[in-house]
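Structural overview
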Amino acid sequence: MKDLQIRAFLQDCLAEDLGAGDLFARLVESKEVQAVVLSKDSGVFSGQVYATELLEMMGVKYAWKINDKEHFSPKQVLLEVVADWRLLLQLERVLLNILQHSSGIATKTAAFVRLIQGLPISLLDTRKTRPLLRVFEKYSVRNGGAKNHRLGLDDALMVKDTHLAHIGDLKAFVQKARQEIPWTSKIEIECNSVEMALKVMQAGADIIMCDNMDIASIKEVVAERNKHHPLVLLEASGNITEESVQAYAQSGVDAISSGALIHQAVWVDFSFKI
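Just so it is clear, the structure is predicted and the values come from calculations on it, not from any experiment.

Read across the open sheet, the six strands follow the order E6-E11-E10-E9-E8-E7; overall the sheet is parallel. Every other strand in the sheet has two partners, leaving strand E6 (122-124) and strand E7 (157-159) as the edge strands with one partner each. The average undirected angle you get between the axes of adjacent strands in this sheet is 25°. As defined by bridge partners, strand E8 (residues 187-191) adjoins strand E9 (residues 207-211) across four bridges and the pair is classed as parallel.

So, in structure tokens, the structure goes:
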């Protein structure tokens, strides 16, 4: 069964580029040709699931020379396709945009993952995604070796500083949430100090986000959690970079989240050659 969400996304991508139709296709005759997608960079490949659906939608014969999550090098052939050259030229930019964008995120994510390899911690993305590209970008993060944080406001209750400013009795709020939200949904509360983290633990949250806290403060929270609230999960977040991720990973938290996996990723360079 085809993924209807992916297909709808691809149809929108094609419609954006084709408009009322490719003007070049009016001027030339049909001719079957072979083409390849060639890498000019090195990195971690991603986008195969989307590209395969695109090629099948358009009736293009294809042969993958690489799979999602695998490493690629410069001058490596990633994909071979055969079809009418008019058709290939119409889908070229959509195909490359998907593969370059997705592989850029996977490559950036893999760079973070390598820095914390061997440590008992999960690396997570965030909701800082481009509008309407969240599922696609979070798929790319997984291909880079990290995990997804929540997909949206409906799959976990995260209470941030902007919520807390208007919540008086935090413990009563958490108790009400337990009655109202789905049984499988977790409650995560953002904290920017050790004092706030202690208060949140006592209120009964499932996860504490240590947001923009220094390493020393996070270690204090970890020690308190380990001693009195062993079931609470701890997440470090806030401007965590490749330079700092290892120090945060060694602080004792269970997870690190970083929007940089997506919004700081740079497209890798692929080319399409007929």
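Now that the structure has been shown, the text picks up again.
Here we come to the nonpolar core. In terms of nonpolar packing, the biggest core is built from 41 residues, with Ile189, Val200, Ile208, Ile218, Val221, Val253 and Ile256 touching the most fellow members. Ignoring anything within four residues of it in the chain, the contact list for Val253 reads Pro120, Ile121, Ile218, Val222, Leu234, Ala236 and Tyr248. Of all hydrophobic cores here, the second largest spans 37 residues; its members include Trp64, Val81, Leu88 and Phe270.

This part takes up helix H2 (residues 48-57). The element H2 is extensively covered by neighbouring structure, given that seven of its 10 residues are classed as buried. All of the buried residues along H2 are Gln48, Tyr50, Ala51, Thr52, Glu53, Leu54 and Leu55. On its buried side, H2 packs onto helix H1 (4-18), strand E3 (61-64), strand E5 (77-84), helix H3 (85-115) and helix H4 (134-143).

Counting buried positions along E8 yields five of five residues, so the element is predominantly enclosed. Inspection of the sheet shows E7 paired to E8 by three bridges, in the parallel sense. By the bridge assignment, Leu157 is partnered in E8 with Ile187.

Residues given the UniProt feature "domain: Quinolinate phosphoribosyl transferase C-terminal" (unreviewed entry) here are residues 105-273. Structurally, residues 105-273 comprises 41% helix and 17% strand, and the distance from its first C-alpha atom to its last is 24 Å.

Okay, the UniProt feature "domain: Quinolinate phosphoribosyl transferase N-terminal" (unreviewed entry) in the chain next. UniProt tags residues 25-103 as "domain: Quinolinate phosphoribosyl transferase N-terminal" (unreviewed entry). With 37% helix and 30% strand, residues 25-103 has its two end C-alpha atoms placed 30 Å apart.

A separate point is the side chain of Glu137. By secondary structure assignment, the location of Glu137 is in helix H4. Those residues in contact with Glu137, other than ones at most four positions away along the chain, are His101, Ile105, Thr129, Arg130 and Ile262.

With that settled, consider the packing of H1 against H2. Where H1 meets H2, the axes come as close as 10 Å, and the angle between the chain directions of the two elements is 70°. The orientation of H1 relative to H2 falls into the category roughly perpendicular. Viewed along their axes, H1 and H2 form a crossing whose handedness is right-handed. Touching Ile6, Arg7, Phe9, Leu10, Gln11 and Leu14 of H1 are Val49, Tyr50, Glu53, Leu54 and Met57, all from H2. Residues belonging to the contact of H1 with H2 are distributed by class as follows: eight nonpolar, one polar and two charged.

This part covers the pairing of strand E10 (residues 233-237). Most of E10 sits out of view: four of its five residues are buried. Pairing of E9 with E10 involves five bridges; the strand directions are parallel. From the neighbouring strand, Met209 faces E10, where its bridge partner is Glu235. In the classification by handedness, the crossover that spans E9, the intervening helix H8 (residues 215-228) and the parallel E10 is right-handed. Sheet topology places E10 next to strand E11 (residues 255-257); three bridges connect them, and they run parallel. Its bridge partner lying in E11, Ala236 is registered against Ile256.

This part is about the sheet that holds E5. Consider a sheet: its strands pair through backbone hydrogen bonds, and that pairing is either parallel or antiparallel. The antiparallel open sheet is built from four strands, whose spatial order is E3-E5-E1-E12. Two strands close off the open sheet at either side, each with one partner strand: E3 and strand E12 (270-273). Pairs of neighbouring strands in the sheet enclose a mean axial angle of 15°, with direction left out of account. Relative to E12, strand E1 (residues 32-39) runs antiparallel, the two being bridged by four bridges. Bridge pairing in E12 links Ser39 to Phe270. Packed on one face of the sheet, H2 meets E3 and E5 and runs near 160° to E3.

Cut-offs used in this document
- Residues numbered from 1 in each chain as written.
- Predicted model: local features only at pLDDT ≥ 70, side-chain atom pairs only at ≥ 80, totals over all residues.
- Heavy atoms only, no water.
- Pairing = 2+ DSSP bridges.
- Helix = DSSP H or I, 4+ residues; strand = E, 2+ residues; numbered from the N terminus.
- Axes fitted to C-alpha atoms, helices over the stretch in contact; angles between N-to-C directions.
- Core = buried A, V, L, I, M, F, W, Y, C linked by side-chain atoms within 4.5 Å.
- Buried < 20%, exposed > 50% of the residue type's maximum accessible area, 1.4 Å probe, protein only.
- Contact = heavy atoms within 4.5 Å.
- UniProt positions renumbered as here; feature names shortened; annotations may be inferred.
- Parallel < 35°, antiparallel > 145°, perpendicular 65-115°, else oblique.
- Left-handed = near helix turned anticlockwise from the far one by under 90°.
- Nonpolar A, V, L, I, M, F, W, Y, C, P; charged D, E, K, R; others polar.
- Right-handed = clockwise from strand over helix to strand, strands pointing away.

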